[in-house]
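# Coordinates in review
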Amino acid sequence: MRLGDIELHLLVTDHWKADGGLMFGVVPKILWEKQKPADRNNMVDASCVCLIARMNGRVIVCETGIGNKISEKRAQQFAIREPEDLLHALQRLGIRPEEVDAVVTTHLHWDHAGGLTRRNQLGALQVTFPKARHFIQRSEWDFAVHPDVRSKSSYLIDDFTPLADGHDAVEFLTGDAEILPGVHLRHVGGHTPGSQVLILRSGELACAVTGDLVCQTPHLRVPWNMSADLEPLRVFEQKARLFDEAEKHRWLLVLSHEPDLPAGYLEEGRWIAEPRLTT
Ligand SMILES: [Zn+2]
């Protein structure tokens with residue numbers, strides 16, 4: 001769909017399952033289960049949502065999904081099916097990896113940054129988008145390289161360290177930035193130290209990719225957050241701010257792991273899904 005001068009495509013890749021406790025933290029199961037039924041292992045359906053934007057002659061990729069390096073063990077643990085990754089989805093849009101100018105992941109967890117690198121046919125690691133600049137908060141990178149004991153299994157260094165090996169594919173940010181005209185990154189923290197929200201603007205119109213600040217539609221309630229969040233109070237604060245702006249200015253929101261219709265608007269606190277964006 002078009003949003004002013006921006007051409008947007010949403011790719012819902014990597015259908016998988018996430019533990020209900022991980023997704024909804026201290027929210028009682030009797031409440032969240034009405035919206036997201038759990039299977040007998042307490043897992044709920046999830047996806048990885050990637051946004052492709054063409055604006056001002058540039059191609060921007062936001063979020064890269066799980067990618068093709070995942071171990072058999074992890075694939076089983078998260079019941080990852082439909083392994084169509086971002087590259088195949090891009091191919092359907094007629095976009096070659098070399099044509100991508102800017103890559104953003106909201107943070108460096110394995111289910112967002114997995115597609116930044118891939119294994120080629122010989123098994124060697126390579127950067128997926130060889131000509132792109134990759135925009136990452138410095139605080140996220142530092143934490144991902146030296147995570148605390150709780151966050152260790154969420155970061156896989158093969159996902160991102162090749163970006164900094166021998167070529168300068170990464171641009172490190174310290175806080176909010178406008179990386180290209182109309183392409184804004186807001187440092188929100190909370191879920192991880194360097195979590196960021198991407199905001200694309202065309203005149204009065206805007207689209208925000210929330211990352212795990214808003215994982216699925218039940219997380220549209222400010223105090224419903226993931227147990228994986230490092231700083232829940234900061235998450236609440238940033239969510240409230242984002243919802244306020246989104247409702248007031250009718251921003252299109254893209255939620256990180258909603259498997260059905262992950263894009264939509266907030267109207268008087270209600271979620272109005274935007275089906276035109278899902279390809
Ligand atoms: Zn995630």
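Residues numbered from 1 in each chain as written. Predicted model: local features only at pLDDT ≥ 70, side-chain atom pairs only at ≥ 80, totals over all residues. Heavy atoms only, no water.

### Things to note about the sheet that holds strand E10 (residues 177-180)
Quick reminder of the rule: Only strands joined by at least two bridges in the DSSP assignment are considered to pair. Helix and strand labels come from DSSP, where a helix needs a run of H or I of at least four residues and a strand needs a run of E of at least two; each type is numbered from the N terminus. Lines are fitted to the C-alpha atoms to define the axes, a helix being fitted only along its stretch in contact, and any angle between axes, read from their N-to-C directions, falls within 0 to 180 degrees. Contacts between residues were defined by any pair of non-hydrogen atoms, one from each residue, lying within 4.5 Å.
Spatially, E10-E11-E12-E13-E14-E15-E16 is the arrangement adopted by the 7 strands of the open sheet, whose pairing is mixed. Across the chains shown, the open sheet's two edge strands, defined by having one partner strand only, are E10 and strand E16 (270-273). Looking at each pair of strands side by side, their axes are set apart by 30 degrees on average, direction ignored. Both strand E14 (residues 252-254) and strand E15 (residues 263-267) contribute to a ladder of 2 bridges, which runs antiparallel. The residue bridging Val 254 from the neighbouring strand is Ala 263, located in E15. Along the sheet, helix H8 (residues 232-249) makes contact with strand E11 (183-187), strand E13 (205-209), E14 and E15, crossing E11 at roughly 150 degrees.

### Quick notes on the layout of surface pockets
Filter applied, for reference: Think of a 1 Å grid over the protein atoms and nothing else: a 1.4 Å probe that fits but is trapped marks a cavity, an open set flanked by protein within 12 Å on at least five of seven lines marks a pocket, and residues with an atom within 4 Å of a point count as lining. Grid points are joined across faces, edges and corners, and a volume is the space filled by probe spheres set on the points. Any residue outside Ala, Val, Leu, Ile, Met, Phe, Trp, Tyr, Cys, Pro, Asp, Glu, Lys and Arg is labelled polar, Gly included; the first ten of those are nonpolar and the last four are charged.
Counted as a void, the largest pocket has a volume near 440 Å³. Looking at the largest pocket, it is lined by 26 residues, and the ones nearest its centre are Leu 22, Trp 110, Ser 153, Ser 154 and Ala 228. Secondary structure elements with two or more residues in the lining of the largest pocket: strand E2 (6-19), helix H1 (20-24), strand E3 (43-55), helix H3 (72-77) and helix H5 (110-113). Residue contributions to the lining of the largest pocket peak at 3 residues, all from E2. Here the lining of the largest pocket is composed, by residue class, of 12 nonpolar, 9 polar and 5 charged.

### Quick word on helix H6 (residues 138-145)
This is how the line gets drawn: Burial classes: relative accessible area under 20% of the type maximum marks a residue as buried, over 50% as exposed, and values in between as partly exposed (1.4 Å probe, protein chains only).
Where H6 is concerned, the buried positions are Glu 140, Trp 141, Phe 143 and Ala 144. Contact partners of the buried residues in H6: strand E8 (133-137), helix H7 (161-164) and strand E9 (170-173).

### Quick notes on unusual backbone geometry
A positive phi is found at Glu 63, a non-glycine position, where the angle reads about 80 degrees. Examined against the element boundaries, Glu 63 turns out to sit in the loop between strand E4 (58-62) and H3. Residues other than glycine seldom take positive phi values, yet Arg 250 does so here, at roughly 50 degrees. Along the polypeptide, Arg 250 turns up in the loop between H8 and E14.

### Examining the coordination of the zinc ion
Four donors placed tetrahedrally around a metal ideally meet at 109.5 degrees, and six donors placed octahedrally ideally meet at 90 or 180 degrees. Convention followed: A donor here means any N, O or S atom no more than 2.8 Å from the metal (3.2 Å for Na, K and Ca); water is not included, so a site may seem to lack partners. Between 85 and 135 degrees for all angles marks four donors as tetrahedral; over 155 degrees for opposite donors together with 65 to 115 for all other angles marks four donors as square planar and six as octahedral; every other arrangement is irregular.
With distances of 2.1 to 2.4 Å, the protein atoms coordinating the zinc ion are Asp 111 (OD), His 112 (NE2), Asp 212 (OD) and His 257 (NE2). Around the zinc ion, the 4 donor atoms sit at angles spanning 81 to 154 degrees, and that spread fits a shape best called irregular.

### Looking at the nonpolar core
Quick reminder of the rule: The definition of a nonpolar core used throughout is a set of buried Ala, Val, Leu, Ile, Met, Phe, Trp, Tyr and Cys residues joined through side-chain atoms within 4.5 Å.
In terms of nonpolar packing, the biggest core is built from 28 residues, with Leu 8, Leu 51, Leu 200 and Val 254 touching the most fellow members. It is E3 that contributes the most residues to this core, 4 residues altogether. Beyond its immediate chain neighbours, meaning those up to four positions away, Leu 200 contacts Ile 6, Leu 8, Leu 51, Ala 53, Met 55, Gly 182, Val 183, Leu 205, Ala 206 and Cys 207. The next biggest cluster of nonpolar side chains, apart from the first, holds 26 residues, and it includes Ile 52, Val 59, Leu 116 and Val 170.

### Brief notes about the pattern of salt bridges
Using the following cut-off: A pair is scored as a salt bridge if a Lys or Arg side-chain nitrogen falls within 4 Å of a carboxyl oxygen belonging to Asp or Glu.
What the rule picks out here adds up to 13 salt bridges. With its nearest N and O atoms 3.8 Å apart, the salt bridge here joins Asp 39 to Lys 17. Here Asp 39 is found in the loop between helix H2 (29-32) and E3, whereas its partner Lys 17 is found in strand E2, with 22 residues between them in sequence. Salt-bridge contacts for Arg 133 lead to Glu 171; the nearest nitrogen and oxygen are separated by 2.7 Å. Placement of the pair is Arg 133 in strand E8 and Glu 171 in strand E9, with a sequence separation of 38 residues. On the basis of relative accessible area, Glu 171 is assigned to the partly exposed category, the value being 31%.

### As for the sheet that holds E3
Spatial ordering of the open sheet is given by E1-E2-E3-E4-E5-E8-E9, a layout of 7 strands whose pairing is mixed. Looking at which strands have only one partner, the edges of the open sheet turn out to be strand E1 (2-3) and E9. As defined by bridge partners, E3 adjoins E4 across 5 bridges and the pair is classed as antiparallel. Within E4, the position partnered with Leu 51 by the bridge is Cys 62.

### Some points on empty space enclosed by the protein
Under the definition given, this model contains 3 cavities of 30 Å³ or more. The calculated volume of the largest cavity comes to roughly 40 Å³. The class makeup of the residues in the lining of the largest cavity is 2 nonpolar, 8 polar and 1 charged.

### Overview of the side chain of Lys 69
Going by this rule: What qualifies as a polar contact is a pair of N or O atoms within 3.5 Å, subject to a donor-acceptor requirement within protein and to the restriction that residues adjacent in sequence count only when both atoms come from side chains.
Inspection of the secondary structure assignment puts Lys 69 in the loop between E4 and H3. For Lys 69, a relative accessible area of 19% gives the class buried. Within the structure, Lys 69 has its side chain in polar contact with the backbone oxygen of Gly 114 (distance 2.7 Å).

Any link to function would need more than the numbers given here.
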